[in-house]
Amino acid sequence: MGNIDNLYRTVIMDHYKNPHNKGLVENDDSYQTVHLNNPSCGDDIFIQIQMKDGKLSDVRHNGHGCSICCSSASVMSDSIKGTEKKEALAIIDNFLTMIKGEDYNDDIDMGDAVVYQGVSQFPARIKCATLAWKAALKALVGEGDE
Ligand code: ZN
């Protein structure tokens, strides 16, 4: 299984070093912004979601934290961007289920998010991996900061 671990680590480091959809959009009311932090690790991130015609037309993130947290924000943005709200909620729910080490639905396309599966074995890192996803969930259900 060593090769799979290496592959997963490579994907995580790639998203950490070259994050997708990074940087927030300023002064645009069409974005819902949510800010969450994880004091136990020092992770601090913002997530922005723009809805257009029932779809997540844009998903942005910014902030700082450990490699698990920051890479997960990038992966999350890729996984839900362009989906319908219902699909995005299903993907987030599935991810949160997988991270807890519970049975998840592998018919749902989560993209690179499957690489965080192993995190379920490290309870201290679960908050790191889920922070961006929980922020996205809040943005989608309309519990943004502003
Ligand atoms: Zn962290």
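All figures in this text were calculated on a predicted structure; none of them were measured in a lab.

Asker: So what exactly am I meant to see when it comes to the coordination of the zinc ion here?
Answerer: Six octahedral donors at a metal ideally form angles of 90 or 180 degrees, and four tetrahedral donors ideally form angles of 109.5 degrees. Taken together, the protein donors to the zinc ion comprise Cys-41 (SG), Asp-43 (OD), Asp-43 (OD), Cys-66 (SG) and Cys-128 (SG), at separations of 2.2 to 2.7 Å. Counting the intervening residues between successive donors of the zinc ion yields the motif C-x1-D-x22-C-x61-C. Pair noted here: Cys-41 is in the loop between strand 1 (31–38) and strand 2 (43–52) and Cys-66 is in the loop between strand 3 (55–64) and helix 2 (67–80), with a separation of 25 residues, a long-range link. Look at Cys-41 and you get partly exposed, because its relative accessible area is 35%.

Asker: In this structure, what is going on with the packing of helix 2 against helix 4 (residues 123–140)? I would like to understand it.
Answerer: When two helices pack together, their arrangement is captured by the angle between the axes and the distance separating the axes. Here helix 2 crosses helix 4 at 35 degrees, and the two axes come no closer than 8 Å. Considering the relative orientation of helix 2 and helix 4, their crossing is right-handed. Contact residues: helix 2 offers Ile-68, Cys-69, Ser-72, Ala-73, Val-75, Met-76, Ser-79 and Ile-80, while helix 4 offers Arg-125, Cys-128, Ala-129, Leu-131, Ala-132, Trp-133 and Ala-136. Here the contact of helix 2 with helix 4 is composed, by residue class, of 12 nonpolar, 2 polar and 1 charged.

Asker: Whenever I open this one, the packing of aromatic side chains confuses me. Can you help?
Answerer: The relative placement of two aromatic rings is captured by the distance of their centres and the angle of their planes. By the definition in use, this model includes 2 aromatic pairs. Considering the side-chain rings of Phe-95 and Tyr-116, the 6.1 Å spacing of their centres and the 70 degrees angle between planes classify their relative orientation as edge-to-face. Pair noted here: Phe-95 is in helix 3 (residues 85–99) and Tyr-116 is in the loop between helix 3 and helix 4, with a separation of 21 residues, a long-range link. Each member of the pair, Phe-95 as well as Tyr-116, carries the same accessibility label: buried. Members of the aromatic cluster, each reached through a chain of ring pairs, are Phe-95, Tyr-116 and Trp-133.

Asker: Looking at this structure, how should I read helix 3?
Answerer: Helical geometry note: an α-helix holds 3.6 residues per turn, so side chains three or four residues apart project in the same direction. With 15 residues, helix 3 extends 21 Å from end C-alpha to end C-alpha; this agrees with the ideal 21 Å at 1.5 Å per step. Residues of helix 3 that are buried: Ala-88, Ile-91, Ile-92, Asn-94, Phe-95, Leu-96, Thr-97, Met-98 and Ile-99. Tucked inside the fold, the buried residues of helix 3 contact strand 3, helix 2 and helix 4.

Rules of the game
- Residues numbered from 1 in each chain as written.
- Predicted model: local features only at pLDDT ≥ 70, side-chain atom pairs only at ≥ 80, totals over all residues.
- Heavy atoms only, no water.
- Donors = N, O, S within 2.8 Å, 3.2 Å for Na, K, Ca; no water.
- Helix = DSSP H or I, 4+ residues; strand = E, 2+ residues; numbered from the N terminus.
- Buried < 20%, exposed > 50% of the residue type's maximum accessible area, 1.4 Å probe, protein only.
- Axes fitted to C-alpha atoms, helices over the stretch in contact; angles between N-to-C directions.
- Left-handed = near helix turned anticlockwise from the far one by under 90°.
- Contact = heavy atoms within 4.5 Å.
- Nonpolar A, V, L, I, M, F, W, Y, C, P; charged D, E, K, R; others polar.
- Phe/Tyr/Trp six-rings, centres within 6.5 Å; stacked < 30°, edge-to-face > 60°.
- Expected span 1.5 Å × (residues − 1).

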